[in-house]
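Observations on chain architecture
If you want the building blocks of each chain, they are given just below.
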Amino acid sequence: YTPRRTWRLIQRRGRRAGWISEGTSVRTAVDWLTQAGDDGVSTELGARLVAFRDHLEAQWYGPREAQPPAMPAQDARLLWRQIRRFLAAMH
């Protein structure tokens, strides 16, 4: 698992469920996830999602010399599991 792979998994699941489209940005998807459902995501998952979003945006759009350190694979995998559980609980 990498942040990019986790993002692709989020995109695929989100498109199938109809809550994001092909061109949805990571920022928009994270905003939706943090506000979705009756109570939204937990504080822990919300913080992980924001850190994930910030990491990807810095990696994609930040200056090359200021690239963030790699996100550990176990963090990306844990994030994906938490998102999957959250989305499953919504349906």
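So, here's what we can say about the structure. (Residues numbered from 1 in each chain as written. Predicted model: local features only at pLDDT ≥ 70, side-chain atom pairs only at ≥ 80, totals over all residues. Heavy atoms only, no water.)

Helices and strands together make up the secondary structure of the chain, namely four helices and zero strands. Reading the secondary structure of the chain in the N-to-C direction produces α-α-α-α. Computed over its C-alpha atoms, the radius of gyration of the chain comes to 13 Å, within 12% of the 12 Å expected for a compact globule of 91 residues. In the chain, buried positions account for 36% of the 91 residues. For the chain, contacts bridging at least 24 residues in sequence account for 60% of all contacts bridging at least 6. When the accessible surface of the chain is totalled, it reaches about 5700 Å², and 47% of it is carbon and sulfur. Separation between the mean location of the 15 positive side-chain charges and that of the 9 negative ones in the chain comes to 11 Å. (Helix = DSSP H or I, 4+ residues; strand = E, 2+ residues; numbered from the N terminus. Rg over C-alpha atoms; globule rule 2.2 N^0.38 Å. Buried < 20%, exposed > 50% of the residue type's maximum accessible area, 1.4 Å probe, protein only. Contact = heavy atoms within 4.5 Å. Areas by Shrake-Rupley, 256 points an atom, 1.4 Å probe, with all protein chains shown as cover. Lys, Arg positive; Asp, Glu negative; His and termini not counted. Charge placed at Lys NZ, Arg CZ, Asp CG, Glu CD.)

It is worth spelling out the pattern of salt bridges at this point. A side chain of one charge can pair with a side chain of the opposite charge if their charged atoms are brought near each other. Taken as a whole and assessed by the stated rule, the structure comprises four salt bridges. Note that Glu 57 and Arg 27 form a salt bridge whose closest N and O atoms lie 2.6 Å from each other. Taken together, the residues Glu 57 in helix α3 (residues 43–61) and Arg 27 in helix α2 (residues 26–35) connect sequence positions 30 residues apart. Judged by its relative accessible area of 17%, Glu 57 is buried. One salt bridge connects Arg 48 with Glu 44, and the closest N-O pair in it is separated by 3.5 Å. Here Glu 44 and Arg 48 lie together in helix α3, a separation of four residues that amounts to about one turn. Classification of Arg 48 by relative accessible area gives partly exposed; the value is 26%. Its relative accessible area of 46% is what places Glu 44 among the partly exposed residues. (Salt bridge = Lys/Arg side-chain N within 4 Å of Asp/Glu carboxyl O.)

This paragraph deals with α2. An α-helix turns once every 3.6 residues. As a result, residues three or four positions apart point the same way. Residues of α2 that are buried: Val 26, Ala 29, Val 30 and Leu 33. Across the axial projection of α2, the buried residues extend over an arc of 95 degrees, all falling on one side. (Arc of directions from axis to C-beta.)

Trp 7, Ile 10, Trp 19, Leu 33, Leu 49, Phe 52 and Ile 83 are the most contacted members of the largest nonpolar core, which has 21 residues in total. When contributions to this core are tallied by element, the ones reaching two or more residues are α1 (3–17), α2, α3 and α4 (73–90). The element contributing the most residues to this core is α4, with six residues. (Core = buried A, V, L, I, M, F, W, Y, C linked by side-chain atoms within 4.5 Å.)

Okay, the side chain of Gln 11 next. Of note, Gln 11 is situated in helix α1. Ignoring anything within four residues of it in the chain, the contact list for Gln 11 reads Ile 20, Glu 22 and Thr 24.

Locating Arg 5 in the fold gives a position in helix α1. According to the relative accessible area criterion, Arg 5 is partly exposed, its value standing at 35%. Taking the C-alpha atoms as reference points, Arg 5 and Trp 80, separated by 75 residues in sequence, lie 9.6 Å from one another.

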